[in-house]
Each structure stands twice: as C-alpha cells, then as structure tokens.
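Okay, here's what each chain looks like letter by letter:
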Amino acid sequence: MLRHLSKCVVLKKLKDNDVGKMIIDHAGKLRSREIDQKVVDDLISMAIIQHGLPYNFVQYKWIKELLIYLNPEVRVPSRNTAVSNVSKKFHEHKERVKVAMHKSHSRICLTSDCWTSITQQGYICLTAHFVDASWKLNSKIIAYCKMEPPHTGHDLAQKIFALLLDWGIDRKIFSITLDNASANEVLQKILSEQLKLQNNLICNGDYFHIRCSAHILNIIVQEGLRVASDALHKIRESIKYVRGSEARKIAFKECVVQVRGIDTKVGLRMDVATRWNSTYLMLESAIRYRRAFGSLAIRDRAYVHCPSNDEWKRAEKMCEFLKPFYVMTNLISGSSYPTSNRYFMQVWKIECLLRENAKSDDLTIKDMALNMMNKFSKYWDHYCDILAIGAILDPRMKFEAIRFCYSKIDPSTCEEKINILKEKMYKLFEEYVKLHSNESNTSSSQISPSTHEYVDYLSQHINETGRSELDLYLDEGNLDPKFFDKLDVLSYWRDRRDRYPNLSKMACDVLSIPITTVASESAFSLGSRVLTKYRSSILPENVEALILTQNWLHGFELTGNMY
C-alpha cells in the first residue's frame, strides 16, 4: 500500500490526500466526487424541454433532496437560472438548424398557421421543410411567436418576412402552404411581391402559393354532408340516446351480447360537427351494432330513433362512399410528412369516386357527390400543377401515369392537358438550368484559364446534342412499381445527382413541398401542453424556446455534402 501511495497519480492530485472525496466509478476505478455544474445545468434544461416540466421543478422539496443526496456539492439552480439555461440551449440549437438550412442546396418550403392560446393570446407558427445534406426531408419549426392583433393578411405577411430575414433564408424560399382563410390570400400576395423584389422566386412565384389539401378536403366533404344531414339524424340521435345514461349503456350492451352471443366491449363514437372524419367513424361504429339497435328498439319503448332497414342501407353506402376520403385524410395528415409525389394519385382517385357516385341510384348519395363535385371543381379542377410535376419526378410514374389518369377522366382532353403540363415542367426546369449557370459564372473566376476553356468546350458539346437532363430522364424506362413499392424517391435522386445535377435540385425542391399545414397545426397541440391553465403566465418568448427546442431535438446529423 505504501509503495502504491507513493506512485498513485490520482491521490497526488487530491489536496491533503483526502480519500473521502473519492468514489469508484462503473469501471471500478477511483475518481473525484466533484461534479461539473455545467453538465448538471444542461441535464436539468433538457429534462424541462423534453418532458414539459415547469421551470421551478428543481425547487420542489424532494427533487432538491434527491439531488443533494446524490451529491452534497451540487448547486440546485433557481427558477430564473433554469429559464436562462433553457434560453441558452434554444440559441445553441437555433444555430445548428441555421447551419443545416444554409448548407442545404435545396430551397425551403414553408407552412404557417395561427392559434389562440388559453390566455386568448394570438400565436403564429412558421415551419420550414427542406432536404438536408444527407438527402433526408426535414420539418423544423422556426417560429412560434406571439402575434399582436389585428391578424390581417398584411400584418401576417410582414411578420413572416421579418422571420425569414432573421433566419437569413429570405432568398431560399420555394413555396408556402396555407389554409383557405381570407387573410391568407392577402398574406401570400404581399409576401410573394416582397420576395419577387429580390428576384429569387422560381418562375416568378407561379408555384409559391400551395393550398392546404386537408382543408380543401374538409370543405368538399362538409359540402356533401350538408345534403345527408337528414339521413344521419336518426343514427346520431340513436348513439346520443345510448350514451345518455349508464342504465342505457348497460341495456345496450346486453342487446349486443344477445344478438352476437358473446360478451364484448361496446365502442360507439359520437361525431363532432366541425370534423367530418368523426362522422365517418360514427357511421362505421353504428353500422357494426345495427342489429343491437333493433333489439334495443323492441326492449326500450322510449327509444324512438331506430333507423329503418332502408336508412341502414343508405348509411352503409355513405360509409363506403366516405372511406376513401378518410384514408386520404390520414395519409396527408400523418406525422411522417411524405414527399409530394404521393398526392396526385390520391386526388385523382377522389375525382373518379365523385364522378362514379354522381350517377348513383340513391338520390342522397347522388346529391352528395354532385355538391362535392362542385367544390372539387373550384379547388382541384386541373389539380395543382406542382402535384402533377411531383408525380412525374417519381421514376415509377412519369408522364405515363399522368396520361393514364387524364384518359380515365376525359380521353378527349388528355393530350391537351399533357402538353400544357409538359410546357410548364420544361419551363420550371429551365429556371434551374439558369440558376446553375449563374452559380457557375460566379465560381468561374476561381478556375484557371485553361480549365475555364475546357469547361466552355464541354458545355458547348453537351448543348450541341440537344438533349437536356429532363429529356434523358423522361426517356429512361419507368421503374416497375411491383419491385420498387417502397422506393425512397429522394434517395433515387441522391444517387443520380451527378448524372442529373439540375434536375436533382429541382426534384429536391418539388418533392419537399408540404401540401397541408399539418406540420404547423400539430405544433399547436404541443403549445396547448406548454400553455395550460396551470401555466398560463409563462412569457411568449419562453413558450417559443420550449416548443422550438423540443422540435429540434429530433434532429439530424450535419455531415456530408449534398453536391
């Protein structure tokens, strides 16, 4: 032991050889019990951000007791210190996201929406969607800030433009997706004009404004449900009656057991007037217990809203009619934010469905389809051109899939629509060729004269062939969907960025367009968990720091070079 003590480096570092300050770590080695206070503060900050804890949770008696028990030397931060530490974390992560967006060679697509908190304060949320250096689609909230009234289109546009300047991305914007609120029409016009002054919008902003497909779908289906309100009345009243008291629930469950012969959990859903998909789920659940409602009508004379056989058949047809809309809503409202190539076919399926049901023998279904068709024509008559271009940039589809869809709708106008779409797609591609040419001219001053001559020669030689990257891509055979069912389209373009340098950039931008504002709207559910009736006095800047940092923690690696 004496020989060891004379040579032990660890003990020599200790003042007065105080072995009481030593502990054994997991590897069985001695180390100092002194802790890094910065690490403690960082871990507490991450706990507050990630788990939605209040700033002063470290001041709770038993939390303090626990920390002091683990190490008597730990300094438990105050609430103000915790706020300051979270703010530091927020700014650290903000710089990381800024670096990622600036390193990305793709343009940035935006979604935005407004929300009123429990304190009746208005908030605006702005989300950026872009393909990062590793060719992964990212969705990052870049603002969740208080919006002073009035929330006019002009004020919203000025606010968003100021946020873009703050992030330094005002020259990288491709599109913005908004719902159909009247203020948003003014917003996109003013914001578009501001960005056009910098001459940085692709095709002079032709594809800048994207309407929220989830909102359009809601408008279309709500229009159809107005016609069917009478047909739904008895089913809605039946469910309301059963759910009205515990005794009725028990009686209904007995009816279910009687007609099914097995004891099972009863799941009747009630719809919400503002959410049409809840009406579909209500119909689906009611149809499942159709015979049980008939049994209840015999057993309980007070139950007078039992639908007739014809009314049940109509409900089944309505449920079948609404199912594709429900499936599409789930697709476009999911949290995975799929690339835009997936949406054109869904919109086409809906048009086919409406046209088919407009010829239905059931007058209610027919009227529903006709009313919905009118709304469809208003918003999606020619579909969104950018959705069609997104589908063409999927190597499994290209123009063959678009031609098939157009011919099914109206063979007489198919070729005309294809030619118009081709013209628009080639015009969009030419914009990217010009951008690449400008970038090459900017960097050419750094190339030696001999190399510069070779580049000019090579460029002229390629142009003489008369075939662009887009021509070559479209002439390639389509990938078979049977064998490439789960193809990652962004990975496809990443692997071909050397062969198609301009077209791959265009694909990046088009495929990253969000067709709904779900990314921004989902932030409001997070906001409602931060701003509760028990935490209503939290400052707006602290709300933003908590929500944004939590969103950014689902981060990405800032490695690799996109081009």
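Structure's up top.
The structure contained in this document is the topic of the report that follows. (Residues numbered from 1 in each chain as written. Predicted model: local features only at pLDDT ≥ 70, side-chain atom pairs only at ≥ 80, totals over all residues. Heavy atoms only, no water.)

### Points about the pattern of salt bridges
Turning to step 1, where the next piece is worked out: Counted by the stated rule, this structure contains 20 salt bridges.
Turning to step 2, where the next piece is worked out: One salt bridge in this structure joins Arg314 and Asp362, with 3.5 Å as the shortest N-O distance. Of this pair, Arg314 sits in helix α13 (residues 309-332) while Asp362 sits in the loop between α14 (344-357) and α15 (363-380), placing them 48 residues apart in sequence.
Turning to step 3, where the next piece is worked out: Judged by its relative accessible area of 26%, Arg314 falls in the partly exposed class. (Salt bridge = Lys/Arg side-chain N within 4 Å of Asp/Glu carboxyl O. Helix = DSSP H or I, 4+ residues; strand = E, 2+ residues; numbered from the N terminus. Buried < 20%, exposed > 50% of the residue type's maximum accessible area, 1.4 Å probe, protein only.)

### Observations regarding the pairing of strand β4 (residues 122-131)
Turning to step 1, where the next piece is worked out: Burial within β4 is extensive, with 10 of its 10 residues counted as buried.
Turning to step 2, where the next piece is worked out: The alternating pattern of β4 places Gly122, Ile124, Leu126, Ala128 and Phe130 and Tyr123, Cys125, Thr127, His129 and Val131 on opposite faces, both of which are buried.
Turning to step 3, where the next piece is worked out: Two strands pair when backbone bridges link them, and strand β3 (residues 108-116) and β4 are joined in this way by 8 bridges, in the antiparallel orientation. Paired with Thr111 across the strands is Thr127, a residue of β4.
Turning to step 4, where the next piece is worked out: Once β3 ends, the chain turns through 5 residues before running back antiparallel as β4, passing Gln120 with a positive phi of about 70 degrees. (Pairing = 2+ DSSP bridges.)

### Digging into the nonpolar core
Turning to step 1, where the next piece is worked out: Judged by nonpolar contacts, the single largest core of 54 residues is most densely connected at Phe252, Phe293 and Phe325.
Turning to step 2, where the next piece is worked out: At the level of secondary structure, the elements contributing two or more residues to this core comprise α8 (213-227), α9 (229-242), α10 (246-260), α11 (276-288), α12 (290-299), α13, α14 and α15.
Turning to step 3, where the next piece is worked out: The greatest single-element share of this core, amounting to 10 residues, is contributed by α13.
Turning to step 4, where the next piece is worked out: Each of domain 2 (213-333) and domain 3 (338-437 + 487-515) gives at least three residues to this core.
Turning to step 5, where the next piece is worked out: Excluding its chain neighbours within four sequence positions, the residues that come into contact with Phe325 are Leu217, Val221, Trp276, Ile350, Leu353, Leu354 and Met372.
Turning to step 6, where the next piece is worked out: Grouped together as the second largest cluster of nonpolar side chains are 53 residues, Ile44, Leu156, Leu163 and Leu191 included. (Core = buried A, V, L, I, M, F, W, Y, C linked by side-chain atoms within 4.5 Å. Domains from an automatic or database assignment. Contact = heavy atoms within 4.5 Å.)

### Looking at the packing of aromatic side chains
Turning to step 1, where the next piece is worked out: Counted by the stated rule, this structure contains 18 aromatic pairs.
Turning to step 2, where the next piece is worked out: Relative to Tyr144, the ring of Tyr123 has its centre 5.6 Å away and its plane inclined at 40 degrees; by these criteria the two rings are tilted. Of this pair, Tyr123 sits in strand β4 while Tyr144 is found in strand β5 (residues 137-146), placing the two residues 21 residues apart along the sequence.
Turning to step 3, where the next piece is worked out: Residue classification places Tyr123 among the buried positions, given a relative accessible area of 0%.
Turning to step 4, where the next piece is worked out: For Tyr144, a relative accessible area of 0% gives the class buried.
Turning to step 5, where the next piece is worked out: Relative to Phe325, the ring of Phe321 lies with its centre 5.7 Å away and its plane at 75 degrees, an arrangement referred to as edge-to-face. A residue pair is termed a helical-turn pair when its members lie 3 or 4 positions apart in one helix, as Phe321 and Phe325 do in helix α13 at 4 residues. Per residue, the accessibility class of Phe321 equals that of Phe325, and both read buried. (Phe/Tyr/Trp six-rings, centres within 6.5 Å; stacked < 30°, edge-to-face > 60°.)

### Details of the packing of α9 against α11
Turning to step 1, where the next piece is worked out: α11 packs onto α9 with a crossing angle of 75 degrees between their chain directions and a minimal axis gap of 11 Å. Comparing the axis directions of α9 and α11 gives the class roughly perpendicular. Only Thr279, Met282, Leu283 and Ala286 of α11 make contact with α9, whose side of the interface consists of Leu232, Ile235, Arg236 and Ile239.
Turning to step 2, where the next piece is worked out: Of the residues in the contact of α9 with α11, the class split is 6 nonpolar, 1 polar and 1 charged. (Axes fitted to C-alpha atoms, helices over the stretch in contact; angles between N-to-C directions. Parallel < 35°, antiparallel > 145°, perpendicular 65-115°, else oblique. Nonpolar A, V, L, I, M, F, W, Y, C, P; charged D, E, K, R; others polar.)

Functional significance is not addressed by these values, which are geometric in nature.
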